[in-house]
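Observations on the three-dimensional arrangement
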Amino acid sequence: MFSTAEIGIDLGTANILIYSKNKGIVLNEPSVVAIDVNTKQVVAVGTEAKEMVGKTPRNIIPIRPLKDGVIADYDITAQMLKAFLKKVSKKQGLSMRKPNVVVCTPTGSTSVERRAIHNAITSYGAKTVHLIEEPVAAAIGADLPVDEPIANVIVDIGGGTAEIGIISLGGVVSSSSVRVGGDRMDDEIIQYIRKKYNILIGERTAENIKMEIGYAHPNHKGETMEIRGRDMVTGLPNTISISSKEVYESLRESLEQILQAIRVTLENCPPELSGDIVDHGIVITGGGSLLHGMKEWLAHELSVPVHLAPNPLESVAIGTGKALKMISKLEKAVK
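Definitions and cut-offs
- Here the residue index of a chain counts from 1 through its sequence in written order.
- Local features in a predicted model are, by the rule used here, given only for residues with pLDDT of at least 70; side-chain atom pairs are given and counted only at 80 or more, and totals for whole chains, interfaces and linings are based on all residues.
- Hydrogens and water molecules were not included; the side-chain quantities draw on all heavy atoms of the structure.
- Runs of H or I in DSSP of at least four residues are treated as helices and runs of E of at least two as strands, each being numbered from the N terminus.
- Type-normalised accessible area, obtained with a 1.4 Å probe on protein chains alone, sets the label of each residue: buried when under 20%, exposed when over 50%, and partly exposed for intermediate values.
- At least two DSSP bridges between two strands are needed for those strands to be called paired.
- Note on definitions: angles span 0 to 180 degrees between N-to-C directions of axes, and those axes are lines fitted to C-alpha atoms, for helices only across the stretch in contact.
- Source of the domain bounds: an automatic or database domain assignment.
- Here, residues are in contact when the closest pair of their heavy atoms is within 4.5 Å.
- The term buried area denotes the loss of accessible surface (1.4 Å probe radius) that occurs when two parts are joined, taken as the sum for both partners.
- One speaks of a salt bridge when a side-chain nitrogen belonging to Lys or Arg is within 4 Å of a carboxyl oxygen belonging to Asp or Glu.
- Throughout this description, any angle smaller than 35 degrees is read as roughly parallel, any larger than 145 degrees as roughly antiparallel, any in the 65 to 115 degree range as roughly perpendicular, and the remainder as oblique.
- Crossing handedness is read from the near helix: turned anticlockwise from the far helix by less than a right angle, it gives a left-handed crossing, and turned clockwise, a right-handed one.
- Note that Gly is not counted as nonpolar here; it falls among the polar residues with everything else outside the nonpolar set of Ala, Val, Leu, Ile, Met, Phe, Trp, Tyr, Cys and Pro and the charged set of Asp, Glu, Lys and Arg.

By the secondary structure assignment, Asp 276 is in helix α8 (residues 271-280). Accessibility expressed as a relative area gives 15% for Asp 276, which makes it buried.

Printed below as a string of structure tokens:
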């Protein structure tokens, strides 16, 4: 137990992770809130709320208050954060009174979006709130030497956005952000199956398809998977078989957008740092980096080495936690 908690928060579109300075990752749960529409009360948050998706009575609706890496619903985000911090405080025995908080923001976020994040954390009673850019947090969490005068290239493919950053001497030299991530990929799988088979599937089914037989590389050994959904003609449940080649076809546009954003970032890199990229390559992190063949496909397309971060799903949260030590240097880079 310590007097002032020091925590890092990865406010992700798909998951929220909380990192404690003394205990590491203390919470990793989906960014979902179940709300009773009649009373406007929060019924459940996190894993419990996600399990309700598509299965709730009419008066309870699961909401994802973060969209494309930014706050879409301020009040519900604040309530969700309070619930998570309370949960951490109970479960881990951490004192959450007036914590010092570091929270990451997407590269392309506006001052209004940043203020919304800042206010949501402050409303819980945080003593100080520091905002750092997501690629910097991801790079720190992936153990890259961000404060050295070399190019550290990080590609963080999250639920709502793909963030690409070239970091040197603790600051972002070149960066870009595209609102393409795991959620968009799930949506494209849903639309593809709807158009081709007249079958309607839910978000969870689409996510399972992506994780099981989703590939980033067009040249892969084909696999098939049986899926269940609602036939849009008869309205009855139906089972079909879908191949990994079809899943690749549905994901191709999103993958191309991520690749294009990486190319733009690399093109804007100062020539002095370009040599480092050839030597050290690129580090990929975030849930999207776990798509089958992502590392090999990017290495082939970009002709530079591509490495997977040690903890792809936790890099940003670990980075925000570690950033507490380097905050003065990082704040200059964010402003």
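Inspection of the sheet shows strand β14 (residues 199-200) paired to strand β15 (residues 224-231) by two bridges, in the antiparallel sense. Note on β15: the bridge partner recorded for Ile 199 is Asp 231. Relative to strand β16 (residues 237-243), β15 runs antiparallel, the two sharing seven bridges. The residue bridging Met 225 from the neighbouring strand is Ile 242, located in β16. Between β15 and β16, which follow one another and run antiparallel, lie five residues, and Gly 235 among them has a positive phi close to 80°.

A large share of helix α4 (residues 134-141) lies buried, amounting to eight of its eight residues. Just past α4, the residue Asp 143 takes up positive phi, approximately 65°.

A sheet is described by the order of its strands in space; here five strands give the open sequence β3-β2-β1-β9-β10, paired in mixed fashion. Unpaired on one side and paired on the other, β3 (24-30) and β10 (128-133) mark the two borders of the sheet. This sheet shows a mean twist of 20° between the axes of neighbouring strands, independent of strand direction. One ladder, built from five bridges, connects strand β1 (residues 6-11) with strand β2 (residues 15-20); its direction is antiparallel.

To continue, consider the domain arrangement of the protein. The domains assigned to the protein are domain 1 (6-137 + 315-334), domain 2 (142-180 + 255-308) and domain 3 (182-250). Just the C-alpha atoms count here: the centres of domain 1 and domain 3 sit 30 Å apart. At the junction of the two partners, domain 1 supplies five residues and domain 3 supplies four residues. With both chains or domains summed, domain 1 and domain 3 bury close to 420 Å², and 37% of this area falls on carbon and sulfur atoms. Among the residues of domain 1 in contact with domain 3, Lys 50, Val 53 and Arg 64 are the three that bury the most area, contributing 71% of the side total.

Sheets are built from strands that pair by backbone hydrogen bonding, the pairs being arranged parallel or antiparallel. Taken in spatial order, the five strands of this open sheet run β13-β12-β11-β17-β18, and their pairing is mixed. Edge strands, defined here as strands with exactly one partner in the open sheet, are β13 (171-178) and β18 (306-308). Strand-to-strand twist of the sheet, defined as the mean angle between neighbouring strand axes without regard to direction, takes the value 20°. Where strand β17 (residues 282-285) and β18 come together, three bridges link them in parallel fashion. Counterpart to Ile 284 in the pairing with β18 is Leu 308. Contacting β11 (152-157), β12 (162-168), β13 and β17, α4 crosses the sheet at an angle of about 70° to β12.

With that out of the way, let us pick up the pattern of salt bridges. Taken as a whole and assessed by the stated rule, the structure comprises 11 salt bridges. The residue Asp 183 makes a salt bridge to Arg 64 at a minimum N-O spacing of 3.5 Å. Of this pair, Asp 183 sits in helix α5 (residues 182-197) while Arg 64 is found in the loop between β6 (60-63) and β7 (66-67), placing the two residues 119 residues apart along the sequence. For Arg 64, a relative accessible area of 32% gives the class partly exposed. One salt-bridge network, held together by shared partners, links Arg 64, Asp 183 and Glu 203.

We now examine the packing of helix α7 (residues 244-267) against helix α9 (residues 294-302). Contact pair α7 / α9: the axes reach a minimum separation of 11 Å and the direction vectors enclose 50°. Relative to α9, the element α7 lies oblique. Crossing geometry of α7 relative to α9 is assigned as right-handed. Between α7 and α9, the contacting residues are Leu 255, Glu 256, Leu 259, Ile 262, Arg 263 and Leu 266 on the first element and Met 294, Trp 297, Leu 298, Glu 301 and Leu 302 on the second. Here the contact of α7 with α9 is built from residues that sort into eight nonpolar, no polar and three charged.

This paragraph deals with unusual backbone geometry. Backbone geometry follows two general trends: most residues other than glycine have a negative phi, and most peptide bonds adopt the trans configuration. At Asp 143, a residue that is not glycine, the phi angle is positive and equals roughly 65°. Tracing the chain through its elements places Asp 143 in the loop between α4 and β11. With a phi close to 60°, Ser 303 is a non-glycine residue in the positive phi region. Within the fold, Ser 303 resides in the loop between α9 and β18. A relative accessible area of 63% places Ser 303 in the exposed class.

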